[in-house]
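Chain and residue survey
Here's the letter readout for the chains.
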Amino acid sequence: MNPLHLFLPCAAGVEDYLAPEVLQITALPPGCITKQRGGVAVRGSFDHAMRLNLHCRLAQRVLVLLSTTEYRSEADLYRAALAVPWERWFTPRESIKVEVTAQHSPLTSLNFAALKVKDAVCDRFRDTAGGVRPNVDTQRPDVRIYVHLTTDTCALYIDTSGEPLFKRGWREDTGDAPLKETLAAAMIAASGWAAGDEDLLPLYDPCCGSGTIAIEAAQIACNIAAGSLRRFAFEKYVLFQRQVWSDMQAQAAAQIVKPEPGQTALIYGSDVSHRMVDFAQRNAQRAGVADVIEFRGGDALQRMPPIALAGVMLLNPPYGERIGIGGVAGDGRSGAQGPAAQTRFGARELAHTDDGGAFFTQLASHWKKHFSGWSAWMLTPDLKLPGKMRLKESRRVPMWNGPLECRLFKFDLVAGRMDKDKAALPNPAGASSSINVQGGQR
């Protein structure tokens, strides 16, 4: 088969980090990888598509571009889809779903456009498979077909991932508005925490929720493949070779590195909600990194540094209606009030300010006093947050959290009077051991 044209869509702002990741995973020549708006294009093979699904942490999906044609009407879309040899990819036993996205398309109905493409795919199988047509399943299809329309161009893709790649397979316990794993990985990449060959610094999320950032970081440190716990759409495709895939999985498993027994943890998480801490611990267990992360309960406004070494804080803090000040919590029931409403849940469930200004002001004061020498990376849709915290950011990285335009702010916490407090902190096991991101221990 000729080289495939792959496309890996990602959240806006993540393209700069996705391209190097794809290069590392595939080991392709740099000329085969092109950064584009909203994703990365790759000239590779079906094996590369499988490997990217298994290892990629930043992409939303791995798509194969099958056709690019000009169009003016729905009839042109039908002809374009009818010309694609779908039978080389799957059989009529697999169910299908067609989804259409558009930018400045002249067509009046994207639903009708999707219907015409679906008809073409089914008619192609009717003509090539003895009259047998695939069924349509809009909920859990075996095959997802994507149509992207511009003003005059129609691009047809087949998806090799199935469920979006942020669904790693380990998250079963979540709170409100959980952070997607792909965005957590993008935050880690932007911070540079796992870049290079140096020993990893301690990493701490003081608003960890169900543990997404800490678990992603721990899997990176242990070299655990992002997709090692899940299934993919390509496993039902004609090109799929079970032995090749089994060998790929075995190779990934052999590269996993875990810390030695008794080694000091360097990844930490805490949350004001003990319920969320329980969720995070169970998620970490399923992700295979429970022995790499230390989760504890505690208010972000009161928790001291988890280790005597200065490190990196990385957090997607609660904001707006997700903020509760001073550890005050709600019970999760609609309209619940009074003492019973302040016993179970945490900062992500109950708001006491319109924009969280008091929370962030107190948080900045706490950091200045107790987290001397740390750097703090904070993802927020509030572009004026540094002013509210009375901190000057040293970097601001544009990122999108779904439809929300956000910034990842970096704050370098300046040393000061907190040195005396820091010197009094315990230094477990000398805090000298660390996990090397390349897979070795130092």
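Heads up: these notes are all about the structure in this document. (Residues numbered from 1 in each chain as written. Predicted model: local features only at pLDDT ≥ 70, side-chain atom pairs only at ≥ 80, totals over all residues. Heavy atoms only, no water.)

Observations regarding the packing of helix H1 (residues 15–26) against helix H2 (residues 46–55)
- Closest axis-to-axis distance for the H1/H2 pair is 10 Å, and the angle between their directions is 120°. The pairing of H1 with H2 is recorded here as oblique in orientation. Judged by the sense of rotation from one axis to the other, the crossing of H1 with H2 is right-handed. Residues Glu21, Val22, Ile25 and Thr26 of H1 touch H2, and the partners they reach there are His48, Arg51, Leu52 and His55.
- Classifying every residue of the contact of H1 with H2 by side-chain character gives three nonpolar, three polar and two charged. (Axes fitted to C-alpha atoms, helices over the stretch in contact; angles between N-to-C directions. Helix = DSSP H or I, 4+ residues; strand = E, 2+ residues; numbered from the N terminus. Parallel < 35°, antiparallel > 145°, perpendicular 65-115°, else oblique. Left-handed = near helix turned anticlockwise from the far one by under 90°. Contact = heavy atoms within 4.5 Å. Nonpolar A, V, L, I, M, F, W, Y, C, P; charged D, E, K, R; others polar.)

Considering unusual backbone geometry
- Here the phi dihedral of histidine 104 falls at roughly 60°; this positive angle occurs in a residue that is not glycine.
- You can see histidine 104 is positioned in the loop between strand S5 (96–102) and helix H4 (110–128).

Some remarks on the sheet that holds strand S1 (residues 4–9)
- Taken in spatial order, the seven strands line up as S2-S3-S1-S4-S7-S6-S5 in an open sheet, and their pairing is mixed. The outermost strands of the open sheet, each flanked by one partner alone, are strand S2 (33–36) and S5. Going across the sheet, the axis of each strand differs from the next one's by a mean of 30°, ignoring polarity.
- Note that S2 and strand S3 (residues 39–44) share four bridges and pair antiparallel. If you follow isoleucine 33 over to S3, its bridge partner there is valine 42.
- Here H1 sits on the sheet and contacts S1, S2 and S3; the angle it forms with S2, its principal contact strand, is near 165°. (Pairing = 2+ DSSP bridges.)

Function-wise, these values are silent; they only describe arrangement.
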